[in-house]
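The residues making up each chain are set out below.
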Amino acid sequence: MKKEQNQKDIDQELKKEDVDVQSKPQEEKDVDQKESHDEQEAQDVEEKKELSKEEQLEESLNAEKDRYLRLFAEFENYKRRTSKERIELFKTAGEEVMQALLPILDDFDRALVELKKSKDKESFSGVELISNKFRETLRSKGLEPIAVKSGDTFDADLHEAVTQIPAPSDDLKGKIIDLIEKGYTLGDKIIRYPKVVTGK
């Protein structure tokens, strides 16, 4: 009986050892698989890091490109704006000087009208010569008179109405009857509007 009991104990021990022996390789296999899985994860993390480095470099390159393009566009706009301002400045550089000279032109016109009435032809031709030379010099700097004559249609954008008088005829209603003061342009800009009398 004791022998049988001992035999049973021995058999059980052997079975345990067999189980342990069988389970050990399985555990080792599990450990090996776990190690290989950890290695794979480490490789994936490294690849992700490399990819993220590449992505970071690409993003920083794109940001620099965008910054460069913006700076380039701003510089081009600045160049265009300054060149436009410079051209306008050249065109109207002497605007204040020209406006100061306009009364002298008016005085020349009045002097020529009065000298024409007199019998002194030499004085008239001398003043006319100076007046023409003065006008040509101003014209070469961009000053041009605005052409206005009696019978032209009144335009509030181009003319300054000083007064209204009853129109001598129906066809002169709302039109220019008389010019009181000449208007002038400097380049494309009106520096003095012509003062006119309109018919009502």
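Residues numbered from 1 in each chain as written. Predicted model: local features only at pLDDT ≥ 70, side-chain atom pairs only at ≥ 80, totals over all residues. Heavy atoms only, no water.

(A) Structural detail: helix 3 (residues 121–140). Along its 20 residues, helix 3 runs 28 Å from first to last C-alpha, staying within 8% of the 28 Å computed at 1.5 Å per residue. Those residues of helix 3 not exposed but buried are Phe-124, Ser-131, Arg-135 and Leu-138. Down the axis of helix 3, the sector holding all buried residues measures 65°, keeping them to one side. Exposed and oriented more than 90 degrees from the buried face of helix 3 are Glu-122, Leu-129, Ile-130, Lys-133 and Ser-140. Contacts from the buried residues of helix 3 go to helix 2 (95–117), strand 1 (143–145) and strand 4 (184–186). Its side-chain oxygen at 3.5 Å from the backbone nitrogen of Glu-122, Asp-120 defines the N-terminal cap of helix 3. Positive phi shows up at Gly-142, right after helix 3, with a value of about 105°. (Helix = DSSP H or I, 4+ residues; strand = E, 2+ residues; numbered from the N terminus. Expected span 1.5 Å × (residues − 1). Buried < 20%, exposed > 50% of the residue type's maximum accessible area, 1.4 Å probe, protein only. Arc of directions from axis to C-beta. Contact = heavy atoms within 4.5 Å. Polar contact = N/O pair within 3.5 Å; in protein donor to acceptor, adjacent residues only side chain to side chain.)

(B) Inspection of the nonpolar core at higher detail. Within the largest apolar cluster, 8 residues are counted, these being Met-98, Leu-102, Leu-105, Leu-138, Leu-143, Tyr-184, Leu-186 and Ile-191. Of all the secondary-structure elements, those providing two or more residues to this core are helix 2 and strand 4. (Core = buried A, V, L, I, M, F, W, Y, C linked by side-chain atoms within 4.5 Å.)

(C) Region of the structure containing the environment of Arg-192. Structurally, Arg-192 is set in strand 5 (residues 189–192). Judged by its relative accessible area of 13%, Arg-192 is buried. Remark: the alpha-carbon pair of Arg-192 and Pro-145, spanning 47 residues in sequence, is separated by 9.4 Å. Within the local environment of Arg-192, its side chain forms a polar contact with the side chain of Asp-106, the two groups lying 3.0 Å apart.

(D) Here's a closer look at the sheet that holds strand 6 (residues 195–199). The strand order across the open sheet built from 3 strands is 2-6-3, with neighbouring strands paired in mixed fashion. Two strands in the sheet have a free side with no partner beyond their single neighbour: strand 2 (160–165) and strand 3 (176–181). Across the sheet, the mean angle from the axis of one strand to that of its neighbour is 25°, orientation sign disregarded. As paired elements, strand 2 and strand 6 share 5 bridges and run parallel to each other. Of the residues in strand 6, the one forming a bridge with Thr-163 is Val-197. (Pairing = 2+ DSSP bridges. Axes fitted to C-alpha atoms, helices over the stretch in contact; angles between N-to-C directions.)

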